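If you want the building blocks of each chain, they are given just below.
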Amino acid sequence: MYGSAQATAQINAMMINRNVTTSIDSEKCIGCGLCISVCPSETLSMKNNKAVVTGNRSLSCGHCEAVCPAGAVRVNGIDTNNPFFQSFMVSDQWIPFGDFNISELVGLIRSRRSCRNYTREHVKHELLEDLVNVGICAPSGTNSQKWTFTILPDRDSVMVAAKKILEFFRNLNRMAESLFFRKALKLIGKNSLDVYYQGYYKSVKKGIEQYEKYGKDVLFHGATAAIFVGSKPGGSCPSEDALLATQNILLASHAMGLGSCLIGFVVEAIRHDSSIKQSLNIPRDESIHSVIALGYPDEKYQTFCKRKKPVIRFFNNRKKE
Ligand SMILES: Cc1cc2nc3c(=O)[nH]c(=O)nc-3n(C[C@H](O)[C@H](O)[C@H](O)COP(=O)(O)O)c2cc1C
Ligand code: SF4
């Protein structure tokens, strides 16, 4: 028996468009078979020493086009302009396995920080669009790429969202304050309001007071832009896809001189109050999986932040001699 999340993913996976848009130029094909070896969908096969389209499904992942040494493959379902970057140059060359400097990569990964102090400097639209185009280089379940990116490009737009979300938490705190209400919900097996009261009520109350008394933006930390990463219906793993794109954006932000911070409080508010999406012109049928505050950082670190010890285990099935 499937749980509801699994069933939804299953149905979504069936809805994904897998029409074949691949074509092979048989004049150019040298019959090396590389396109067939990397294809995840059995779309291609070899006939008379030439690759041919024989399958009726394709993920349109473009692996065949990217691997072909003869330029014989076209996958027409792919946007050939993407990813297109406006604020920096990037080579079209694929970096072979092991050919990138791991120390530099890990240095970037370790240096990224959740930034909670921003200058008032405006982030240019090109940079925000570039971040989205870095985001979409992430993997996605069944290559569905159902992600959406709602950009709030300036402080005023960020504050439209902030005010709406503060209103949500003001109402939630009002409900959570009532012992009678919390107890009544608990009696019918719903203890989430009580959990919220124990864990968040006080700090949220303090945050709302700081905003009301001093105009302090406790939600977006004064960020001058934000990206809401969501999904259209129909993806097989929409939240995973959105979060992978999100991590790309966080890393690229750091490399581009921007600070970033995930704002989980906003995601939670949107989950419970669809009018927030409406106020930002986000269609009702889209889900929001992450909200990234962005801006030029007004903070600097001396070193990396250390981590807790992770749980690591090996499962080793090799028989002892
Ligand atoms: C899902 C998620 C939600 C988060 N929500 C918030 C938030 O609402 N406000 C905030 O200031 N930081 C938020 N953070 C940032 C975390 O507090 C931060 O990642 C953590 O303390 C580690 O610090 P680092 O990101 O600098 O490594 C969130 C992080 C994640 C992964
Ligand atoms: S990778 Fe290119 S050259 Fe090789 S078989 Fe496929 S289409 Fe032909």
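Values in this document were obtained by computation on a predicted structure and should not be read as measured data.

Draft legend 1. Geometry of the overall build of the protein chain. In terms of regular secondary structure, the protein chain is built from 12 helices and eight strands. For the protein chain, restricting intrachain contacts to residue pairs at least 6 apart in sequence, the fraction spanning at least 24 positions comes to 77%. Summed over its atoms, the accessible surface of the protein chain is roughly 20800 Å², and 53% of this surface lies on carbon and sulfur atoms. If you average the places of the 40 positive and of the 29 negative side-chain charges in the protein chain, the two averages end up 10 Å apart.

Draft legend 2. Just the site of ligand 2, in detail. Neighbouring ligand 2 are the residues Cys-29, Ile-30, Gly-31, Cys-32, Gly-33, Cys-35, Ala-51, Cys-68, Pro-69, Ala-70, Ala-72 and Val-73. Each residue belonging to the shell around ligand 2 can be placed in one class, and the counts come to 10 nonpolar, two polar and no charged.

Draft legend 3. Molecular detail of the nonpolar core. Counting residues in hydrophobic clusters, the biggest one holds 36 residues, and the most contacted among them are Ile-165, Phe-169, Phe-220, Phe-228, Ile-263, Val-266 and Val-291. Of all the elements in the fold, those that place two or more residues in this core are helix 6 (155-177), helix 8 (192-199), helix 9 (201-214), strand 6 (225-231), helix 11 (264-272) and strand 8 (287-295). Here this core gets 10 residues from one element, more than from any other, and that element is helix 6. Counting residues in hydrophobic clusters, the runner-up holds 23 residues, among them Leu-128, Ala-242, Ile-249 and Leu-258.

Draft legend 4. Expanded view of the pairing of strand 3 (residues 50-53). Both strand 2 (residues 44-47) and strand 3 contribute to a ladder of four bridges, which runs antiparallel. Following the sheet pairing, Leu-44 is matched in strand 3 by Val-53. In this antiparallel pair of consecutive strands, strand 2 and strand 3, the connection spans two residues, and Asn-48 shows a positive phi of 50°.

Draft legend 5. Here's a closer look at the domain arrangement of the protein chain. Each assigned domain of the protein chain is listed here: domain 1 (4-75) and domain 2 (86-321). The C-alpha-based centres of domain 1 and domain 2 are spaced at 34 Å.

Draft legend 6. Geometry of the site of ligand 1. Taken together, Arg-112, Arg-113, Ser-114, Arg-116, His-221, Cys-261, Leu-262, Ile-263, Gly-264, Phe-265 and Arg-307 form the complete shell of residues around ligand 1. With respect to ligand 1, the side chain of Arg-112 contributes an N or O atom lying 3.0 Å from an oxygen atom. Take Leu-262: an N or O atom from its main chain is 3.2 Å from a nitrogen atom of ligand 1. Contact with the protein chains hides 57% of the accessible area of ligand 1, taken as 620 Å² for the molecule alone. Taken together, the elements giving at least two residues each to the shell around ligand 1 come down to strand 7 (259-262) and helix 11. Among the residues making up the shell around ligand 1, the classes are represented as four nonpolar, three polar and four charged.

Draft legend 7. A look at the packing of aromatic side chains. Applying the stated criterion across every chain, the model contains eight aromatic pairs. Measuring from centroid to centroid gives 6.2 Å for Tyr-196 and Tyr-200, while their planes differ by 25°, and the two rings are stacked. Given the relative accessible area of 10%, Tyr-196 is considered buried. Note on Tyr-200: relative accessible area 43%, which makes it partly exposed.

Draft legend 8. Looking closely at unusual backbone geometry. Phi is positive for Ser-60, close to 50°, though the residue is something other than glycine. Relative to the helices and strands, Ser-60 resides in the loop between strand 3 and helix 3 (63-67). Even without being a glycine, His-221 presents a positive backbone phi close to 60°. Among the structural elements, His-221 can be located in the loop between helix 9 and strand 6.

Draft legend 9. Representation of the side chain of Arg-182 within the structure. With respect to the secondary-structure elements, Arg-182 resides in helix 7 (residues 179-187). Beyond its immediate sequence surroundings of up to four residues, Arg-182 is in contact with Ala-176, Glu-177, Leu-193, Asp-194 and Tyr-197.

Draft legend 10. Examining helix 6 more closely. Taking 1.5 Å of rise per residue, the 23 residues of helix 6 would be expected to cover 33 Å, and the 32 Å separating its terminal C-alpha atoms lies within 8% of that figure. Considered for burial, the residues of helix 6 that qualify are Val-158, Met-159, Ala-161, Ala-162, Ile-165, Leu-166, Phe-168, Phe-169, Leu-172, Asn-173 and Ala-176.

Draft legend 11. Structural context of the pairing of strand 5 (residues 147-152). Of all six residues in strand 5, five are buried, a share of seventy percent or more. As defined by bridge partners, strand 5 adjoins strand 6 across six bridges and the pair is classed as antiparallel. Among the inter-strand pairings, Thr-150 is bridged to a residue of strand 6, identified as Phe-228.

Draft legend 12. Looking closely at the sheet that holds strand 5. The sheet built from four strands is open, its strands ordered 5-6-8-7 with antiparallel pairing. Where the open sheet ends on each side, the last strands, each with one partner, are strand 5 and strand 7. When the angles between neighbouring strand axes are averaged without regard to direction, this sheet yields 25°. Here strand 6 pairs with strand 8 via seven bridges, running antiparallel. Counterpart to Phe-228 in the pairing with strand 8 is Val-291. Across the sheet, helix 11 touches strand 6, strand 7 and strand 8, and the angle it forms with strand 8 is around 145°.

The rules behind each value
Residues numbered from 1 in each chain as written. Chains lettered and ligands numbered in written order. Predicted model: local features only at pLDDT ≥ 70, side-chain atom pairs only at ≥ 80, totals over all residues. Heavy atoms only, no water. Helix = DSSP H or I, 4+ residues; strand = E, 2+ residues; numbered from the N terminus. Contact = heavy atoms within 4.5 Å. Areas by Shrake-Rupley, 256 points an atom, 1.4 Å probe, with all protein chains shown as cover. Lys, Arg positive; Asp, Glu negative; His and termini not counted. Charge placed at Lys NZ, Arg CZ, Asp CG, Glu CD. Near = heavy atom within 4 Å. Nonpolar A, V, L, I, M, F, W, Y, C, P; charged D, E, K, R; others polar. Core = buried A, V, L, I, M, F, W, Y, C linked by side-chain atoms within 4.5 Å. Buried < 20%, exposed > 50% of the residue type's maximum accessible area, 1.4 Å probe, protein only. Pairing = 2+ DSSP bridges. Domains from an automatic or database assignment. Polar contact = N/O pair within 3.5 Å; in protein donor to acceptor, adjacent residues only side chain to side chain. Phe/Tyr/Trp six-rings, centres within 6.5 Å; stacked < 30°, edge-to-face > 60°. Expected span 1.5 Å × (residues − 1). Axes fitted to C-alpha atoms, helices over the stretch in contact; angles between N-to-C directions.

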